[in-house]
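Structure at a glance
Each chain, written out:
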Amino acid sequence: MSFPDFTFSLLHQDGAARRGALTTPHGVVQTPAFMPVGTRGAVKAVTHRDLEDLGAEIILGNTYHLYLKPGDDLIARAGGLHAFIGWTRPILTDSGGYQIFSLAERRRITDEGAEFRSHLDGSRHLLTPERAADIQAQLGSDIAMVLDECIATPADRESARVAMERSVRWAARARRRFLELRDEPGSVPSVRATNPGQAQFGIIQGATHHGLRTESVQATREIDFEGYAIGGLSVGEPPEVMYDVVAHTAAQLPDRQARYLMGSGMPDDLIECVARGIDLFDCVLPTRNARNGQLLTRAGPMAIRNARYAEDPLPPDPECGCVTCRRFSRAYLRHLYMVGEMTAATLMTLHNLYFYLDTMWRIREAIMFSTFETLRLEFRRTFSRRPQH
Ligand SMILES: [Zn+2]
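Residues numbered from 1 in each chain as written. Predicted model: local features only at pLDDT ≥ 70, side-chain atom pairs only at ≥ 80, totals over all residues. Heavy atoms only, no water.

A short note on the coordination of the zinc ion
At the metal site, the zinc ion is ligated by C320 (SG), C322 (SG), C325 (SG) and H351 (ND1), and these contacts range over 2.1 to 2.3 Å. Of note is the zinc ion, whose four donor atoms meet at the metal with angles of 102 to 116 degrees in an arrangement that counts as tetrahedral. In the primary structure, the donors to the zinc ion are separated according to the pattern C-x1-C-x2-C-x25-H. Overall, the relative accessible area of 12% leaves C320 in the buried class. A relative accessible area of 1% means that C322 is categorised as buried. (Donors = N, O, S within 2.8 Å, 3.2 Å for Na, K, Ca; no water. Tetrahedral: all angles 85-135°; square planar, octahedral: opposite > 155°, others 65-115°. Buried < 20%, exposed > 50% of the residue type's maximum accessible area, 1.4 Å probe, protein only.)

Observations concerning the pairing of strand 12 (residues 227-230)
Of the two faces of strand 12, the one holding G227 and A229 and the one holding Y228 and I230 are both buried throughout. For strand 11 (residues 199-204) and strand 12, the ladder comprises four bridges, and the chain directions are parallel. Residue pairing across strands places F201 opposite G227, the latter belonging to strand 12. In this view, the connection linking strand 11 to its parallel neighbour strand 12 by way of helix 8 (residues 210-223) has right-handed handedness. Of the strand pairs in this sheet, strand 12 and strand 13 (residues 258-261) are connected by four bridges, and their pairing is parallel. Across the sheet, A229 pairs through a bridge with Y260, a residue of strand 13. (Helix = DSSP H or I, 4+ residues; strand = E, 2+ residues; numbered from the N terminus. Pairing = 2+ DSSP bridges. Right-handed = clockwise from strand over helix to strand, strands pointing away.)

Quick word on the packing of helix 14 (residues 342-368) against helix 15 (residues 372-382)
Contact pair helix 14 / helix 15: the axes reach a minimum separation of 7 Å and the direction vectors enclose 145 degrees. Contacts between helix 14 and helix 15 pair F355, T359, R362, I363, A366 and I367 from the former with F372, L375, E378 and F379 from the latter. Considering only residue class, the contact of helix 14 with helix 15 consists of seven nonpolar, one polar and two charged. (Axes fitted to C-alpha atoms, helices over the stretch in contact; angles between N-to-C directions. Contact = heavy atoms within 4.5 Å. Nonpolar A, V, L, I, M, F, W, Y, C, P; charged D, E, K, R; others polar.)

Brief notes about the layout of surface pockets
Estimates place the volume of the largest pocket at around 1100 Å³. The wall of the largest pocket is formed by 48 residues, among which Y98, Q99, G263, D282 and V284 lie closest to the centre. Every element with two or more residues in the lining of the largest pocket is listed here: helix 5 (97-102), helix 9 (239-250) and helix 11 (285-291). Taken together, the residues of the lining of the largest pocket break down into 22 nonpolar, 15 polar and eleven charged. (1 Å grid on protein atoms, 1.4 Å probe; cavity = no way out; pocket = protein on both sides within 12 Å on 5 of 7 lines; lining within 4 Å. Points joined across faces, edges and corners; volume = space filled by probe spheres on them.)

Nothing here speaks to function; it is geometry throughout.
Structure (structure tokens):
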């Protein structure tokens, strides 16, 4: 289903690759799109103005972090996350589930929800599907995600089934709450919804088991969301296994709704998953790796601390048009990184995000001109995951 503030238009298709436009209450996102991760209301090491200059049309906020600090009540009183952080373009928030599984302490999952202790101060919390919907309503993101159960991989079929079925039950509860908040404003007195046009995406689970993925798609589609995400991938499985699951799952999702692959990935993952019908991506890789001194280039990853760059006058990637590559040498970036200057993180983040967003721009162009396969083959020929020398 769709409602006036939120639509997805499919503009062109080249094989399974889709060129689309996602209209949200805070503007249009051209897809396929990459969402930089703004964990706690900021994309680490860069400003919103940098993101706008880079052409980022949507960012992701982490519900778990924002809920713990400064708290969704405070953000709602400020008018919602857009107003609080001063970002006027679209925002997607996750449900908090993934961070509970990866960060929180002493978590316990029951049918009711996820009980956990904060990694910050040990305080005790219970995140239910309803509560995750409430928090995101207060944050007022343009796209909210349902709470799902993430499991460690490789997962045997039985534990993957239990988690998938629980995720479906949670999705139904999250949807009920979302519709209640949207259609009967004020019906939950403790919740101040700050974005009446918010959309909600369901999440397909089932680990690497195709049969479970199919069941999850059927049950989640039946609940009926504005869009669908594929969760539980990029958690250590080989790329080919992930690509197979993505192809299998995406093919069963509705054509006229957006498809979001959560938490992926390497630059080649983006191209390979666009080739299998994905429209939206997010990943901490370009920003996190930049802070750890790893630049991602058309040829592959580059570790700037390598002594061979100490007097290298070339830009990180001679073919790149970003502000860092247009102005600075590998030798200078290495120096900044080695002495611990904050600017090192900023300049390398600017390059990595430019590389990701420029890759998405080239993907969108190629789909429009039906030359996506050429781009994909060129990328396969030139990009290697092995560190460059
Ligand atoms: Zn660059």
